[in-house]
Amino acid sequence: MFRLPNIDLKRPVTLRTGKFNDKESGKEKLYLVLEQGGKKIEPFFSKATPRGLPQPKETVVNNKPTWDYTDQMVFIENMLNESIIPKLAVPAQNISAHTTGENPGLEGMPEDDLPF
């Protein structure tokens, strides 16, 4: 979601996945890279340039410290509704298929074996 404002929604996006072993912990880590035009899509929102994105708040739940991302989630939802979704306008003839839960154009496609 933090990269969406940097994506040209009229051009294809490539998703690359991979894994590596973390040098410090030795644990396997997974990653996802978004690319467009052969270049990595950088986050629009970051700690260095939050651009209005609220910071998470530290709180306590069941006597354990945790982070509350509610303000960030509301901010991102508003950004999606105001800036991203209007650019993804669905042609009128396809609206009913989307609202009924049908998946037009997916019939006959093989099921993937991805774990997500």
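Given the structure is predicted, the values throughout are model-derived calculations rather than measurements. (Residues numbered from 1 in each chain as written. Predicted model: local features only at pLDDT ≥ 70, side-chain atom pairs only at ≥ 80, totals over all residues. Heavy atoms only, no water.)

Participant: Would you take a moment to explain the pairing of strand β4 (residues 57-61) for this structure?
Facilitator: By the bridge criterion, 5 bridges tie β4 to strand β5 (residues 64-68) in an arrangement that is antiparallel. Across the sheet, the residue bridging to Glu58 is Trp67, located in β5. The turn joining β4 and β5, which pair antiparallel and follow one another in sequence, is formed by 2 residues; a positive phi near 50° is taken by Asn62. (Pairing = 2+ DSSP bridges. Helix = DSSP H or I, 4+ residues; strand = E, 2+ residues; numbered from the N terminus.)

Participant: What should I look at first to understand the nonpolar core in this one?
Facilitator: In a soluble, globular protein the nonpolar side chains are often hidden away together inside. Membership of the largest hydrophobic core is limited to 10 residues, which are Leu4, Ile7, Leu34, Ile41, Phe45, Leu53, Ile76, Met79, Leu80 and Ile84. With 4 residues, helix α1 (residues 70-84) is the largest single contributor of residues to this core. Once residues within four sequence positions are removed from consideration, Leu34 is found in contact with Arg3, Ile7, Val13, Thr14, Leu15, Lys39, Lys40 and Ile41. (Core = buried A, V, L, I, M, F, W, Y, C linked by side-chain atoms within 4.5 Å. Buried < 20%, exposed > 50% of the residue type's maximum accessible area, 1.4 Å probe, protein only. Contact = heavy atoms within 4.5 Å.)

Participant: Whenever I open this one, the environment of Glu58 confuses me. Can you help?
Facilitator: If you trace the backbone, Glu58 turns up in strand β4. It is 6.1 Å that separates the C-alpha atoms of Glu58 and Asp68, two residues lying 10 residues apart in sequence.

Participant: Whenever I open this one, a nonpolar patch on the surface confuses me. Can you help?
Facilitator: A cluster of nonpolar side chains, Val13, Leu15 and Leu32, forms an exposed patch at the surface whose accessible area comes to about 270 Å². Within the fold, Leu15 resides in strand β1 (residues 14-21). (Patch = residues over 30% accessible without salt bridge, like charges linked within 9 Å, V, L, I, M, F, W, Y side chains within 5 Å. Areas by Shrake-Rupley, 256 points an atom, 1.4 Å probe, with all protein chains shown as cover. Salt bridge = Lys/Arg side-chain N within 4 Å of Asp/Glu carboxyl O.)

Any functional reading would require information beyond the geometric quantities listed.
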